Amino acid sequence: MRLSAYFLPLLRENPSEAQIVSHRLMLRAGMIRQSSAGIYSWLPLGLRVLKKVERIVREEQDAAGALELLMPTIQPAELWQESGRYEDYGKEMLRITDRHERAMLYGPTNEELITDIFRDSIKSYRDLPKNLYHIQWKFRDEVRPRFGVMRGREFLMKDNYSFDLDVKGAKHSYFKMFFAYLRTFARMGLRAIPMRAETGPIGGDLSHEFIVLAETGESQVFCDRAWLESEILDMAVDYDSDLEPQFLRWTSLYAATGDIHDAKACPVPEDRLVTARGIEVGQIFYFGTKYSAPMKAVVAGPDGEPVPVEMGSYGIGVSRLVGAIIEASHDEAGIIWPESVAPFKVGLVNLRAGDRRCVAAADDLYARLTRAGVEVLYDDRDDSPGAKFAAMDLIGLPYQLVVGPRGLDKGVVELKKRAGGARQELSPEAALTLLGGG
Ligand SMILES: Nc1ncnc2c1ncn2[C@@H]1O[C@H](COP(=O)(O)OP(=O)(O)OP(=O)(O)O)[C@@H](O)[C@H]1O
Ligand SMILES: [Mg+2]
């Protein structure tokens, strides 16, 4: 992509409404624009990151055997009256009346809708287990939308729902998601710690929140120091094997959210206990028959008797993750994207837009990288080197490849790694090879 043809409205000044660094940087880097409180447009650069985050989430869900579908954003109120949550949800739910005076709502979550789909179609235990997910916009009329996409009113969530015949099966589904989540966040370069959590309005008896520690996080959390010392959470998982022993090993190390942490009962000695703030990037729940019983989602069991299915639900804040990744990875100059979610891999900078030799060399690198499938943002504009470097540092692409007249005299270009700032001069051919374009 040529920057001269791109839409990248960078801001020089720090926007006064942004209180935390990720919000500031997302606005300054031209990733998002607020349209009203807690509601954002995703501009081209931001959308590329959102899509990459979404893709990782999707790949890990698919690998764990979940099936993607797409439910609507607007739901009928009746389903929520059936489960009993229509009144309970209160003012956070955006209620809508259509032209026929039917009560509708903009979905804040989808337990009711998926249970309805399930009960209409699945009648026998032979069709279990099932795990269905979608990645869809949600609306919650938060009292205090703030921190940009971290606490929006409209936000993108991956949510899935598991259906099993019995508790053992439901636990296996829960363990699968537990590991799928560890893998998902690790692939984004995040250390997301699974913490025992309150089950809240969704109800049920087993839940973990996945928390990225950050001073600007809204949750108070407690964990064993060992969580911070361990390698980033990443491992291969055989989803068909018995996952309980591995689950118990992971969760034997203490980690709990403030809601359930009890200082008196805490097993971690004080010198090993970390008290911190964190960002909730995902949460998983096992809640049994909380929805299947009132909504009559039953299957015929092996003996022909009807059994309400055992359910779990699992959420990931896809749009919140974009902010969380920035909170975890930035410096004074701007964002530092992990390669897996970077909007482009390489920022190609031509220092002299008016110099024929520089243009030819940069155009050639651009063409060859693009042909090889490397994502390049090519700064071909006529601007000062200082402004170009500042823009590249701000938007945080993993590599900056710089073409200038002095380098070309020596037959070299400069390659800078955004993380750590290491620079090297090398031939254009060597740079291409290094970036996967040779
Ligand atoms: N207002 C929001 N803006 C952006 N992401 C959100 C918002 N609310 C929830 N999420 C994300 O969706 C995921 C699943 O939703 P869940 O119902 O567990 O949220 P929640 O527990 O109500 O979140 P929170 O405690 O932060 O309000 C959360 O883990 C979070 O990452
Ligand atoms: Mg939650």
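Above this text you will find the structure in question.
Here's what I pulled together on the structure shown here.

Criteria and thresholds
- Residues numbered from 1 in each chain as written.
- Chains lettered and ligands numbered in written order.
- Predicted model: local features only at pLDDT ≥ 70, side-chain atom pairs only at ≥ 80, totals over all residues.
- Helix = DSSP H or I, 4+ residues; strand = E, 2+ residues; numbered from the N terminus.
- Rg over C-alpha atoms; globule rule 2.2 N^0.38 Å.
- Buried ≥ 20, exposed ≤ 12 C-beta atoms within 10 Å, placed from the backbone.
- Contact = placed C-beta atoms within 7 Å.
- Pairing = 2+ DSSP bridges.
- Axes fitted to C-alpha atoms, helices over the stretch in contact; angles between N-to-C directions.
- Near = placed C-beta within 6 Å.
- Nonpolar A, V, L, I, M, F, W, Y, C, P; charged D, E, K, R; others polar.

**Here we look at the overall build of the protein**
So, step 1. Scanning the protein from N- to C-terminus turns up 13 helices and 23 strands.
So, step 2. Against the 2.2 N^0.38 benchmark of 22 Å for 438 residues, the protein shows a C-alpha radius of gyration of 24 Å, consistent with a compact globule.
So, step 3. Each principal axis of the C-alpha atoms in the protein carries an extent, and together these give about 80 × 60 × 40 Å.
So, step 4. The proportion of buried residues among the 438 residues of the protein is 42%.
So, step 5. A fraction of 74% describes how many contacts in the protein between residues 6 or more apart in sequence connect residues 24 or more apart.

**Let's talk about the sheet that holds strand β21 (residues 399-403)**
Within a sheet, each strand pairs with its neighbour through backbone hydrogen bonds, oriented either parallel or antiparallel.
So, step 1. Taken in spatial order, the 5 strands of this open sheet run β20-β19-β21-β22-β23, and their pairing is mixed. Of all the strands in the sheet, the pair left with one neighbour each is β20 (376-379) and β23 (423-426). The average undirected angle you get between the axes of adjacent strands in this sheet is 20 degrees.
So, step 2. Pairing of strand β19 (residues 346-350) with β21 involves 5 bridges; the strand directions are parallel. Looking at β21, one finds that N350 is bridged to V403.

**Considering the site of ligand 1**
So, step 1. The environment of ligand 1 is made up of 15 residues, and the closest members are F155, Q283, G315, G317 and R320.
So, step 2. Every element with two or more residues in the shell around ligand 1 is listed here: β8 (154-164), β13 (273-288), β16 (310-317) and α9 (318-328).
So, step 3. Ranked by the residues each element gives to the shell around ligand 1, the list is headed by β13, at 4 residues.
So, step 4. Considered class by class, the residues forming the shell around ligand 1 number 3 nonpolar, 7 polar and 5 charged.

**Topic: the pairing of β23**
So, step 1. Two strands pair when backbone bridges link them, and strand β22 (residues 413-417) and β23 are joined in this way by 4 bridges, in the antiparallel orientation. By the bridge assignment, L415 is partnered in β23 with Q424.

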